[in-house]
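Spelled out from the first residue to the last, the chains are:
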Amino acid sequence: MAAIAFNLYRPENTCCIVVGLGLIGRSIANYLAFYGEEVQCEKGGFSWDDPGEIINYINLLLRNSGRDRFELIWCGGRAGFSALDSEMRKEYEVFSRVINTLSASYKENITLNFISSAGGLYEGNEIIDKIEDVNPVRPYGIWKLKQEDLILMQNISARIYRVSSAYGFSFGLTRFGLIDSLIKSSFTRNSLQIYANPSTLRDYVFTKDIARLVVEDIISGRQDVIRVVASGRAVSVDMIINLISQLLKKQVRVTYAVNEANNRDIVFPAKLSSSE
């Protein structure tokens, strides 16, 4: 896990720090490079298990930037969708220590942009009509909601982005999502095991669209929002496999593992989606 910072051209006197350079964080950082200059830092990174190291690294980036205000984009976290409660609790403890400390230190000079999980928060709903209709059913979603609640209790400006199933180019630097894994499987000709039904419906959103939305909110100064970031178009796992096979003109070999916990459809109406 790492972080990167940019001195933005606008808003004036503002540094933007991205914590967590995984699939989404790296895409946001790449997009930010068009809107600011990277802050140089001699220290290479920090341990995800040590909140003190994370806080110190963020403070170091901000000092090196020479700016007074900063936008923090939190894409951090190692636990995935199927994480155990103990894993999510540990992640929450690190997150809460970092956010409580930064909120107290910077107050009106910080805005927090939190990348949350739409799939985790709304998984228990057959129909999602309103953004308030959260219904997490697994530790991942329950603890993501706790992270959101912690943010909203702080006396700071914040934006929360509930992102659906993200896909993009990982370049082998982070966890592979379903689409990346399928493309890789088509070239290696190895069979990919999928923990879902062929008909399971999910909403896939491109990481560049996520990055554009987050960065443009920051540049425009949009305040205190909670967004569902999704395409508004449900696609089955089987349809994704067929599309990739047709586009690459290669057979994608898959096997389906029985996993009742991951068979739920998670779809979002267009009226709630903010990726366009």
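Attention here is on the structure that accompanies the text. (Residues numbered from 1 in each chain as written. Predicted model: local features only at pLDDT ≥ 70, side-chain atom pairs only at ≥ 80, totals over all residues. Heavy atoms only, no water.)

## A look at the overall build of the protein chain
Inference 1: Within the protein chain one finds eight helices and twelve strands.
Inference 2: Relative to its length of 276 residues, the protein chain is compact, with a C-alpha radius of gyration of 19 Å against a globular reference of 19 Å.
Inference 3: If you line up the protein chain on its principal axes, its C-alpha atoms span 50 × 35 × 35 Å.
Inference 4: Out of the 276 residues in the protein chain, the part that is buried amounts to 51%.
Inference 5: A fraction of 79% describes how many contacts in the protein chain between residues 6 or more apart in sequence connect residues 24 or more apart.
Inference 6: Accessible area for the protein chain stands at about 13,300 Å²; split by element, carbon and sulfur atoms hold 49% of it.
Inference 7: Taken as two groups, the 31 positive and 31 negative side-chain charges of the protein chain have centres that lie 4 Å from each other. (Helix = DSSP H or I, 4+ residues; strand = E, 2+ residues; numbered from the N terminus. Rg over C-alpha atoms; globule rule 2.2 N^0.38 Å. Buried < 20%, exposed > 50% of the residue type's maximum accessible area, 1.4 Å probe, protein only. Contact = heavy atoms within 4.5 Å. Areas by Shrake-Rupley, 256 points an atom, 1.4 Å probe, with all protein chains shown as cover. Lys, Arg positive; Asp, Glu negative; His and termini not counted. Charge placed at Lys NZ, Arg CZ, Asp CG, Glu CD.)

## Focus: helix α5 (residues 139–153)
Along an α-helix, residues three or four positions apart point the same way, because every turn accommodates 3.6 residues.
Inference 1: In this model α5 runs 21 Å from its N-terminal to its C-terminal C-alpha over 15 residues, within 8% of the 21 Å that 1.5 Å per residue would give.
Inference 2: Every buried residue of α5 is accounted for by Y140, G141, W143, K144, L145, Q147, E148, L150 and I151.
Inference 3: Looking at the buried side of α5, the elements it contacts are α3 (85–106), β5 (110–117), α4 (118–122) and β6 (157–163). (Expected span 1.5 Å × (residues − 1).)

## Thoughts on the packing of aromatic side chains
Inference 1: Scanning the model with the defined rule gives ten aromatic pairs in all.
Inference 2: On the numbers, 5.2 Å between centres and 75 degrees between planes, the contact of W74 with F95 is edge-to-face. Of this pair, W74 sits in strand β4 (residues 69–74) while F95 sits in helix α3; the two residues are 21 residues apart in sequence, bridging distant segments of the chain. Here the two residues W74 and F95 agree in accessibility, since each one is buried. (Phe/Tyr/Trp six-rings, centres within 6.5 Å; stacked < 30°, edge-to-face > 60°.)

## Focus on the packing of α3 against α5
Inference 1: Running from N to C, α3 and α5 cross one another at 15 degrees; their axes reach a closest spacing of 9 Å. With respect to their mutual orientation, α3 and α5 come out roughly parallel. The crossing of α3 and α5 is right-handed. In this structure, α3 contributes D85, M88, R89, E91, Y92, F95, S96, I99 and N100 to the contact, and α5 contributes P139, Y140, W143, K144, K146, Q147, L150 and I151.
Inference 2: Here the contact of α3 with α5 is composed, by residue class, of nine nonpolar, three polar and five charged. (Axes fitted to C-alpha atoms, helices over the stretch in contact; angles between N-to-C directions. Parallel < 35°, antiparallel > 145°, perpendicular 65-115°, else oblique. Left-handed = near helix turned anticlockwise from the far one by under 90°. Nonpolar A, V, L, I, M, F, W, Y, C, P; charged D, E, K, R; others polar.)

## Points about the packing of helix α2 (residues 51–65) against α3
Inference 1: For the pair α2 and α3, the least separation of the axes is 9 Å and the interaxial angle reads 40 degrees. For α2 against α3, the interelement crossing comes out right-handed. Contacts between α2 and α3 pair P51, G52, I54, I55, I58, N59 and L62 from the former with V94, R97, V98, T101, L102 and Y106 from the latter.

## Topic: the sheet that holds strand β3 (residues 36–38)
Inference 1: Here we have seven strands laid out as an open sheet, ordered β3-β1-β2-β4-β5-β6-β10, and mixed in their pairing. Each edge of the open sheet is held by one strand with a lone partner, namely β3 and β10 (226–229). Mean inter-strand twist for the sheet, computed between neighbouring axes without regard to direction, equals 20 degrees.
Inference 2: Helix-sheet contacts for α2 involve β1 (3–8), β2 (14–19) and β4, and the interaxial angle to β2 is about 150 degrees.
Inference 3: Along the sheet, α3 makes contact with β4 and β5, crossing β4 at roughly 165 degrees. (Pairing = 2+ DSSP bridges.)

## Description of the side chain of D203
Inference 1: Within the secondary structure, D203 sits in strand β9 (residues 201–206).
Inference 2: Buried D203, no salt bridge; nearest opposite-charge side chain is R233, N-O distance 7.2 Å.
Inference 3: Looking at D203, its side chain comes within polar contact range of the main-chain nitrogen of S231, at 2.7 Å.
Inference 4: If we skip the residues at most four places from it in the chain, D203 touches S164, S165, A230, S231, G232, R233, I266 and F268. (Salt bridge = Lys/Arg side-chain N within 4 Å of Asp/Glu carboxyl O. Polar contact = N/O pair within 3.5 Å; in protein donor to acceptor, adjacent residues only side chain to side chain.)

## A look at the pattern of salt bridges
Inference 1: Under the definition given, this model contains eleven salt bridges.
Inference 2: A salt bridge links D49 to R78; the shortest N-O distance between them is 2.7 Å. Here R78 lies in the loop between β4 and α3 and D49 lies in the loop between β3 and α2, a separation of 29 residues in the sequence.
Inference 3: When its relative accessible area of 38% is taken as the criterion, D49 is described as partly exposed.
Inference 4: Between E71 and R159 there is a salt bridge whose closest N-O contact spans 2.9 Å. Residue E71 is located in strand β4, and its partner R159 is located in strand β6; the two are separated by 88 residues in the primary sequence.
Inference 5: On the basis of relative accessibility, which here comes to 0%, the residue R159 falls in the buried class.

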